[in-house]
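Observations on the model geometry
The chain contents come next:
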Amino acid sequence: MKTIVLANQKGGVGKSAVACQLAYFFSQPINQPMNKRVLVIDLDHQRNTTKALRTGGFCVVSATTSSKLLTDPKADIEHAEFVLVPGDGDLLKMEKKAAEHNAYASNLLAFLARVADSFDVCIIDTNPNPDIRQLSPLVVADYVLAPIELNQEAIDGIGDLLNHENIGIRRIQATLNKKLKFLGILPNKVEPTPFQRDNFRALSTAAPKYLIAMSPGFAAIKKSTAIAEAQAAGVPVWRLGKTSGRDAWREMRPVFDKIAQLMEVA
Ligand SMILES: Nc1ncnc2c1ncn2[C@@H]1O[C@H](COP(=O)(O)OP(=O)(O)OP(=O)(O)O)[C@@H](O)[C@H]1O
Ligand SMILES: [Mg+2]
């Protein structure tokens, strides 16, 4: 089982949308050669991923909620082709229990080991605060992907994303999780404005190794109302039943194929 975390301290950049659409991409037979067994864990108390996947009705929603995976060393879930461990309000209380944080990460690690033979891919969505809900999955995951928007604040935030004292990806790679691979920054909601184009160019010149190289250029996802509509309806973008959905998916698919390739999920 390969585990990927969606993380960025910036809110509203598309962590949940990418998490859900990636889950659909990996799990749905239409995307051959995928059709993988997929586990999604929503570690955000806002529960946007839970809402979308529950609404869509494509997955089994586990009776076990995600805070339990951190607190209960024996937490177990239903096993099926596509399972969601939903978020819950208790996630909010966990940051205050600093003495438990090591146990939270150990419990999550042990849980993933217990279910590793039942799933091919595990996708973990996180909240935008730099706390245990982001730290624990980064400590246990194989891969991290960071959607961003191409505005100045997001670009200024890249330093924190990499070097934040608690949850900076480079720091975690150097200390708590040496196997963690940074897949890269994924510009999302990209608009064809001169401002965004300049920001993308500046980013790809200054930090190409932090972007996902495609041929040609770098991975990015355009702003599209179809993606927001698909999220609201909880469906795969390509199943929105509109030309705009199929168009959006045609552009997203190569990016998701590249992510699958980098994760070595054949
Ligand atoms: N490429 C896109 N085009 C248009 N809308 C998008 C795109 N990606 C995401 N959205 C929409 O933008 C909003 C924010 O996205 P999302 O909830 O995925 O962000 P997030 O990073 O998970 O936010 P939070 O930090 O609050 O958890 C949602 O309404 C979502 O449907
Ligand atoms: Mg979210």
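The structure under discussion appears in the preceding block.
Everything numeric in this text was worked out from a predicted model, so none of it was measured.

**Details of the site of ligand 1**
Ligand 1 sits among 20 residues. The nearest are Gly12, Lys15, Ser16, Ala17 and Asn188. Here an oxygen atom of ligand 1 sits 2.7 Å away from a polar atom, N or O, in the side chain of Lys15. Within the backbone of Ser16, one N or O atom sits 2.8 Å away from an oxygen atom of ligand 1. Contact with the protein chains hides 83% of the accessible area of ligand 1, taken as 630 Å² for the molecule alone. Elements represented by at least two residues in the shell around ligand 1 include exactly helix H1 (15-27) and helix H10 (225-233).

**Topic: the sheet that holds strand S7 (residues 181-187)**
In space, the 7 strands of this open sheet follow the order S3-S4-S2-S5-S1-S6-S7, with parallel pairing throughout. Each edge of the open sheet carries a strand with a single partner, namely strand S3 (60-61) and S7. As defined by bridge partners, strand S2 (residues 38-42) adjoins strand S4 (residues 82-85) across 4 bridges and the pair is classed as parallel. Considered in S4, the bridge of Ile41 is made with Val85. Its contacts with the sheet place H1 against strand S1 (2-6), S2, S4, strand S5 (121-125), strand S6 (143-148) and S7, and it is angled at close to 165° to S5. Set on the sheet, helix H2 (residues 48-56) makes contact with S2, S3, S4 and S5; between it and S2 the angle comes to about 135°.

**Considerations on the packing of aromatic side chains**
Following the criterion strictly, the structure yields 8 aromatic pairs and no others. Ring plane angle 65° and centroid distance 5.1 Å describe the contact between Tyr24 and Phe58, whose orientation is recorded as edge-to-face. Of this pair, Tyr24 sits in helix H1 while Phe58 sits in the loop between H2 and S3, and the two are 34 residues apart along the sequence. Looking at Phe58, the relative accessible area reads 25%, which means it is partly exposed. An aromatic cluster is built from Phe25, Phe26, Trp238, Trp249 and Phe256, whose rings are joined through pairwise contacts.

**Considerations on the state of the cysteines**
Following the criterion strictly, the structure yields 0 disulfides and no others. Summary of cysteine pairing: Cys20 is not part of a disulfide, and the nearest cysteine sulfur, belonging to Cys59, is at 8.8 Å. Unpaired in this structure, Cys122 has its nearest cysteine sulfur neighbour in Cys59, at a distance of 13 Å. For Cys122, a relative accessible area of 0% gives the class buried.

Quick notes on the rules
Residues numbered from 1 in each chain as written. Chains lettered and ligands numbered in written order. Predicted model: local features only at pLDDT ≥ 70, side-chain atom pairs only at ≥ 80, totals over all residues. Heavy atoms only, no water. Near = heavy atom within 4 Å. Polar contact = N/O pair within 3.5 Å; in protein donor to acceptor, adjacent residues only side chain to side chain. Areas by Shrake-Rupley, 256 points an atom, 1.4 Å probe, with all protein chains shown as cover. Helix = DSSP H or I, 4+ residues; strand = E, 2+ residues; numbered from the N terminus. Pairing = 2+ DSSP bridges. Contact = heavy atoms within 4.5 Å. Axes fitted to C-alpha atoms, helices over the stretch in contact; angles between N-to-C directions. Phe/Tyr/Trp six-rings, centres within 6.5 Å; stacked < 30°, edge-to-face > 60°. Buried < 20%, exposed > 50% of the residue type's maximum accessible area, 1.4 Å probe, protein only. Disulfide = S-S within 2.5 Å.

Coordinates in, geometry out; function isn't part of it.
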